[in-house]
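As a plain string of letters, each chain reads:
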Amino acid sequence: MLKFVIIVATLLCTAAARPSLHYLENPFIPVKGSEEVRSAAIKRLLEVFGMEDPPAFHGYKQPPQYMLDLYNAVADVDGVTKDPHLLEGNTVRSFFDKLHSDQVEFRFNLSMVARTEKILTAELHLYKLRPQATLTFNRHHFSQVSVYQLLDTSKNFTQKKLLSSRLIPVHSSGWEVFTITQAVRSWMVDEGTNLGLQVVVRTLGGSQMDKKLIRFASGRHHHHSKQPMLVLFTDDGRYSNPLESKDLDDTTATSDLPQVPMSGPPSRSARSLGSDAEGVPMHCQRLPLNVDFEEIGWSGWIVSPKSYNAYYCKGSCPFPLGQTMKPTNHATVQSIIHALKLVKGVGTPCCVPDKLFSINLLFFDDDENVVLKQYNDMVAGSCGCQ
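In this text the structure is predicted, and so the values were computed from the model without any measurement.

## With respect to the pattern of salt bridges
Pairs may arise between side chains of opposite charge once their charged atoms sit close together.
Phase 1: Evaluated as defined, the whole model comprises 5 salt bridges.
Phase 2: The partner of glutamate 117 in a salt bridge is arginine 93, with the nearest N and O atoms 2.6 Å apart. On the criterion of sequence distance, the pair formed by glutamate 117 in the loop between strand 2 (105–106) and strand 3 (118–129) and arginine 93 in strand 1 (residues 91–96) is long-range, its members being 24 residues apart.
Phase 3: Given a relative accessible area of 7%, glutamate 117 falls into the buried group.
Phase 4: The partner of glutamate 176 in a salt bridge is arginine 166, and the shortest N-O contact between them spans 3.0 Å.

## Here's the deal with the confidence of the model for the protein chain
Phase 1: Residue-level pLDDT values for the protein chain average 79, and 76% of them are 70 or greater.
Phase 2: Across residues 245–273, where pLDDT falls below 50, the model places 53 contacts with residues more than four positions away in sequence or in other chains.

## Regarding the packing of aromatic side chains
Phase 1: For the coordinates displayed, the defined rule picks out 8 aromatic pairs.
Phase 2: Between phenylalanine 49 and tyrosine 375, the ring centres sit 4.9 Å apart and the planes meet at 85°, which makes this aromatic pair edge-to-face. Of this pair, phenylalanine 49 sits in the loop between helix 2 (34–48) and helix 3 (65–74) while tyrosine 375 is found in strand 16 (residues 370–385), placing the two residues 326 residues apart along the sequence.
Phase 3: The exposure class of tyrosine 375 is buried, given its relative accessible area of 1%.
Phase 4: Among the aromatic side chains, those forming a connected cluster through ring pairs are Phe49, Phe293, Trp298, Trp301, Tyr308, Phe363 and Tyr375.
Phase 5: In this arrangement the basic side chain of lysine 160 is found over the ring face of tyrosine 148, its NZ or CZ atom lying 4.7 Å from the centre.
Phase 6: For the cation-ring pair, arginine 166 lies above phenylalanine 178, with the distance from its terminal atom to the ring centre recorded as 4.6 Å.

## Observations concerning the nonpolar core
Within soluble globular proteins, side chains that are nonpolar tend to cluster in buried spots.
Phase 1: Ranked by internal contacts, the top residues of the largest apolar core, which has 42 residues, are Phe49, Phe293, Trp298 and Leu372.
Phase 2: Contributing elements (two or more residues each) for this core: helix 2, helix 3, strand 1, strand 9 (229–235), helix 6 (293–296), strand 12 (302–304), strand 15 (351–364) and strand 16.
Phase 3: Of all hydrophobic cores here, the second largest spans 29 residues; its members include Leu126, Val147, Val199 and Leu213.

## Focus on helix 7 (residues 329–340)
Phase 1: Taking 1.5 Å of rise per residue, 12 residues should cover 16 Å, and helix 7 covers 17 Å from first to last C-alpha, within 8% of that figure.
Phase 2: By the burial criterion, the buried members of helix 7 are Ala331, Gln334 and Ser335. What you see down the axis of helix 7 is that its buried residues fit within an arc of 100°, all on one side. When the buried face of helix 7 is taken as reference, the exposed residues oriented beyond 90 degrees from it are Asn329 and Leu340.
Phase 3: For helix 7, the secondary structure elements touched by its buried residues are strand 16.
Phase 4: After helix 7 finishes, the residue lysine 341 shows a positive phi value of roughly 55°.

## Looking at the state of the cysteines
Phase 1: If you walk through the whole model with that rule in mind, you get 3 disulfides.
Phase 2: Across the disulfide from cysteine 313 sits cysteine 383; the S-S distance is 2.0 Å. Residues cysteine 313 and cysteine 383 are joined through a disulfide that is left-handed, its torsion about the S-S bond being -85°. Placement of the pair is cysteine 313 in strand 14 (residues 312–314) and cysteine 383 in strand 16, with a sequence separation of 70 residues. An identical accessibility class is assigned to cysteine 313 and cysteine 383; each is buried.
Phase 3: Across the disulfide, cysteine 317 is cross-linked to cysteine 385 (sulfur-sulfur distance 2.1 Å). Taking the sign of the S-S torsion, about -90° here, the bridge from cysteine 317 to cysteine 385 comes out left-handed. On the criterion of sequence distance, the pair formed by cysteine 317 in the loop between strand 14 and helix 7 and cysteine 385 in strand 16 is long-range, its members being 68 residues apart.
Phase 4: Overall, the relative accessible area of 2% leaves cysteine 317 in the buried class.
Phase 5: Listing the disulfide partners of the protein chain by sequence rank of the bonded cysteines yields 1-4, 2-5, 3-6.
Phase 6: Summary of cysteine pairing: cysteine 350 is not part of a disulfide, and the nearest cysteine sulfur, belonging to cysteine 317, is at 7.1 Å.

Calculation rules
- Residues numbered from 1 in each chain as written.
- Predicted model: local features only at pLDDT ≥ 70, side-chain atom pairs only at ≥ 80, totals over all residues.
- Heavy atoms only, no water.
- Salt bridge = Lys/Arg side-chain N within 4 Å of Asp/Glu carboxyl O.
- Helix = DSSP H or I, 4+ residues; strand = E, 2+ residues; numbered from the N terminus.
- Buried < 20%, exposed > 50% of the residue type's maximum accessible area, 1.4 Å probe, protein only.
- pLDDT = per-residue confidence, 0-100.
- Contact = heavy atoms within 4.5 Å.
- Phe/Tyr/Trp six-rings, centres within 6.5 Å; stacked < 30°, edge-to-face > 60°.
- Lys NZ or Arg CZ within 6 Å of the ring centre and 35° of its normal.
- Core = buried A, V, L, I, M, F, W, Y, C linked by side-chain atoms within 4.5 Å.
- Expected span 1.5 Å × (residues − 1).
- Arc of directions from axis to C-beta.
- Disulfide = S-S within 2.5 Å.

This is how it looks when you write it as C-alpha cells:
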C-alpha cells in the first residue's frame with residue numbers, strides 16, 4: 001500500500017535492522033548481497049520519485065528565491081504538504097533565460113519537461129529595475145508592457161504573437177509576472193517553434209518608450225537573484241491515493257494512536273515478536289522512520305527537505321479490536337473468526353497505514369533547473385487494523 005515505506009524498510013532491514021541508511025555509503029559493512037540489494041533498492045526508490053537515474057548535479061548553486069518561498073508555502077519543515085489544494089498540479093519547474101541578450105528577448109530550454117506532462121500555467125517572471133536617476137521626473141507615470149511569442153525571425157521583419165499585455169508604473173521596481181501558457185503549450189507540441197519571447201514597452205500613446213526609463217534585469221548584467229525566469233505549473237498524471245488526507249487539521253493531529261518518541265530502536269528479538277523492549281505485546285501503532293537523503297547519497301541535488309519522517313505501522317491487532325485501533329468492519333469480522341477458530345488458517349488483521357500524506361521535494365534536475373514536485377502517499381499519517 002505504501003510503496004515508499006516498504007522500500008525504505010527494505011533498506012533498513014538490510015543494514016542489520018538498524019534505522020540508519022549509512023550502509024548505503026559504506027561498502028565495508030559485511031552484509032550478504034549488500035551491493036545487489038543496494039542497487040535494487042536505489043532503483044526502486046528512484047522509480048517512486050519518477051526518475052531513472054539521480055540528476056547529475058554536482059556543486060553548489062543558489063535556487064531561485066521564488067522556488068524557495070513556494071516550497072515553504074506548501075510544505076512544513078519536513079516537506080509534508082500543508083494543504084493538497086495550495087499547489088496547481090503536482091509539479092513546478094523553473095528555467096533561467098538561455099539567450100542572455102542585450103535586447104529584451106528571452107529563450108528557455110524546455111527539454112527536461114516530459115511530453116506527458118500537462119502544462120497548466122506558464123509564467124514569465126521579470127525583475128523591473130528602477131529608472132535611472134536622471135529620468136526620475138519623466139512625465140510618463142505608466143507604461144504598456146507587452147510580451148510576444150516569436151513565430152518567425154528568418155525574414156526582414158519579425159513575425160510575433162501577443163501573449164500578455166498590461167500597464168506597469170514607471171517608477172516601480174520588483175517582480176512582474178506575465179502569463180504565457182499558450183506559447184509554452186505550442187512549444188511542447190513542436191519544440192522547433194520555440195524561438196523565444198520578446199518584450200515590448202510603449203507609452204500609453206503607443207510610441208516606443210525610452211529603454212533607460214523602463215528596464216528589466218538580464219542574466220548577463222545583473223545578480224542571479226534577478227534573472228529572467230520561466231515558471232511552469234504542470235501535472236505529470238500521477239493519481240492520488242484515496243487514503244491521502246484532504247483535511248488541514250490532519251497535519252496537526254495525524255494519529256489518535258499512541259505515539260512513540262524518537263529514541264533508539266528496540267532489540268531485534270523484540271521487534272520480530274511485535275513487542276516492546278520489555279517483551280510486552282505492542283498493539284498497532286505508528287513508529288518513526290527517518291529518511292535521510294544525505295545518507296542515501298542524494299544530498300547533492302536535493303535542496304529540501306534534507307530528511308523527513310516517513311513513519312511506519314507495527315504491532316498486533318488482538319481480539320477484541322477497540323476503536324482506538326481504527327478497525328474496518330472487515331478487520332473486526334476477521335478478528336472474530338480468528339478468535340473463535342471458525343476457519344482454519346485465518347490470521348489476525350494487519351497493522352497498516354489508514355491515512356497517508358504527501359511530501360514535497362525541491363531539487364535540481366540534470367539541466368540545473370530547480371523543480372518542486374509533490375509525491376503522494378509518502379508519510380504514514382496514522383495506523384489502523386485492517
